[in-house]
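# A structural walkthrough
In case you want the letters, here they are:
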Amino acid sequence: AQKITQTQPGMFVQEKEAVTLDCTYDTSDPSYGLFWYKQPSSGEMIFLIYQGSYDQQNATEGRYSLNFQKARKSANLVISASQLGDSAMYFCAMRIATGGGNKLTFGTGTQLKVEL
Amino acid sequence: EAGVTQFPSHSVIEKGQTVTLRCDPISGHDNLYWYRRVMGKEIKFLLHFVKESKQDESGMPNNRFLAERTGGTYSTLKVQPAELEDSGVYFCASSQDVGMNTEAFFGQGTRLTVV
């Protein structure tokens, strides 16, 4: 069975600083995809970034980058130049290629608070 | 284009009552998913529809939960009778395709409180 672990229930960062949100995963499937979602206080889940297990380069989307370390089974999200609007809950998730259907397996989330 | 919408946004019901949650996916999205987050825990998959058919319902907790997607459009998730442990946030998501890198678009969730 696959599992996502997010060990940081809460994080604080100062505005304009960078922050890393940790995510480790466990799966025996060699083909998988890793996702990060943001959930602001309004409730909707917003897709941020995707990394495929066979992708050679780390994914980047604007101020978001994914630090993918396959041997360590980690997929940390790095947010550069934090903004007040980045304050939200962040979820790491995984989808496997075979036997998992098309569902996402999520972690417990990290609550990020950006301070002035 | 309208996103995934869920109704109601909040619901408070007594133990033993029935509640029906509704999800309207993005138009044209054949794939519809239900997930649930119990307080402080991970978001867990409940089931996956492809059009009107249940593709995967391995995450449904028990037979008190009934999901339908009549005509392959909107979906409902009924909890009958509700128990205290059913409290949580119920998310609906939709996607046009299935695939490793397919983005699932989520609604804002329905917060269910059973008292």
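The structure under discussion appears in the preceding block.
## Focus on the packing of aromatic side chains
Applying the stated criterion to the full structure yields 16 aromatic pairs over all chains. An angle of 70° between the planes, with centres 5.9 Å apart, marks the rings of Tyr37 of chain A and Phe47 of chain A as edge-to-face. Of this pair, Tyr37 of chain A sits in strand S5 (residues 32-39) while Phe47 of chain A sits in strand S6 (residues 46-52); the two residues are 10 residues apart in sequence, bridging distant segments of the chain. Through a chain of ring-to-ring contacts, three or more aromatic side chains come together here, namely Phe35, Tyr37, Phe47, Tyr50, Phe91 and Phe106 of chain A together with Tyr33, Tyr35, Phe45, Phe91 and Phe106 of chain B. Note that Arg63 of chain A overlies the ring of Tyr64 of chain A, its terminal NZ or CZ placed 5.8 Å from the centroid. The ring of Tyr74 of chain B carries the charged tip of Arg22 of chain B above its face, separated from the ring centre by 3.8 Å.

## As for unusual backbone geometry
Put simply, Phe7 of chain B and Pro8 of chain B share a cis peptide bond, and its omega is -15°. Mapped onto the elements, Pro8 of chain B comes out in the loop between strand S1 (5-7) and strand S2 (10-13). The backbone phi angle of Ala81 of chain A is positive, close to 45°, even though this residue is not glycine. With respect to the secondary-structure elements, Ala81 of chain A resides in the loop between strand S9 (74-79) and strand S10 (88-96). Judged by relative accessible area, which is 38%, Ala81 of chain A ranks as partly exposed.

## Some details on the interface of chain A and chain B
Contacts between the two partners involve 25 residues from chain A and, on the opposite side, 23 residues from chain B. Sorting the residues of chain A by area buried against chain B places Asn102, Lys103 and Phe106 of chain A first, and these three jointly supply 30% of that buried surface. At the surface where chain A touches chain B, the tally comes to one salt bridge. Between Lys103 of chain A and Asp56 of chain B there is a salt bridge, with the nearest N and O atoms lying 3.7 Å from each other. Seen at the junction of chain A and chain B, the total is eight residue pairs in polar contact (both at pLDDT 80 or more). Put simply, the parts of the chain that give the side of chain A that touches chain B at least two residues each are S5, S6 and S10 of chain A. For the side of chain A that touches chain B, the element with the most residues is S5 of chain A, which contributes five residues. Taken together, the residues of the side of chain A that touches chain B sort by class into 12 nonpolar, 10 polar and three charged.

## As for the sheet that holds strand S7 (residues 65-68) of chain B
Residue and element names in this part refer to chain B. Pairing is antiparallel in the open sheet, where four strands are placed in the order S1-S3-S8-S7. Across the chains shown, the open sheet's two edge strands, defined by having one partner strand only, are S1 and S7. With strand direction ignored, the average angle separating the axes of adjacent strands in the sheet is 15°. Where S1 meets strand S3 (residues 19-24), three bridges bridge the pair, whose relative direction is antiparallel. Note on S3: the bridge partner recorded for Gln6 is Cys23.

## Describing the nonpolar core
Counting 25 residues, the largest nonpolar core has Tyr25, Leu34, Trp36, Ile49, Leu77, Tyr90 and Leu112 of chain A as its most contacted members. In terms of residue count, the dominant contributor to this core is S10 of chain A (five residues). In contact with Leu34 of chain A, other than residues within four places in its own chain, are Ile4, Tyr25, Ile49, Tyr50, Gln51, Phe68, Ala75, Ala93 and Met94 of chain A. Residues Val4, Ile26, Leu46 and Val79 of chain B belong to the second largest nonpolar core, which totals 21 residues.

## Concerning the layout of surface pockets
Taken as a whole, the largest pocket holds about 460 Å³ of empty space. Elements supplying a minimum of two residues to the lining of the largest pocket: strand S9 (88-95) and strand S11 (110-114) of chain B. Looking at the lining of the largest pocket element by element, the count peaks at four residues for S11 of chain B. Residues of the lining of the largest pocket, tallied by class, amount to seven nonpolar, 14 polar and two charged. Approximately 260 Å³ is the volume attributed to the second largest pocket. Lining the second largest pocket are 17 residues, and of these Gln2, Thr105 and Phe106 of chain A together with Glu42 and Lys44 of chain B lie nearest its centre.

Here is what the cut-offs are and how they apply
Residues numbered from 1 in each chain as written. Chains lettered and ligands numbered in written order. Predicted model: local features only at pLDDT ≥ 70, side-chain atom pairs only at ≥ 80, totals over all residues. Heavy atoms only, no water. Phe/Tyr/Trp six-rings, centres within 6.5 Å; stacked < 30°, edge-to-face > 60°. Helix = DSSP H or I, 4+ residues; strand = E, 2+ residues; numbered from the N terminus. Lys NZ or Arg CZ within 6 Å of the ring centre and 35° of its normal. Buried < 20%, exposed > 50% of the residue type's maximum accessible area, 1.4 Å probe, protein only. Contact = heavy atoms within 4.5 Å. Buried area = accessible area lost by both parts, 1.4 Å probe. Salt bridge = Lys/Arg side-chain N within 4 Å of Asp/Glu carboxyl O. Polar contact = N/O pair within 3.5 Å; in protein donor to acceptor, adjacent residues only side chain to side chain. Nonpolar A, V, L, I, M, F, W, Y, C, P; charged D, E, K, R; others polar. Pairing = 2+ DSSP bridges. Axes fitted to C-alpha atoms, helices over the stretch in contact; angles between N-to-C directions. Core = buried A, V, L, I, M, F, W, Y, C linked by side-chain atoms within 4.5 Å. 1 Å grid on protein atoms, 1.4 Å probe; cavity = no way out; pocket = protein on both sides within 12 Å on 5 of 7 lines; lining within 4 Å. Points joined across faces, edges and corners; volume = space filled by probe spheres on them.

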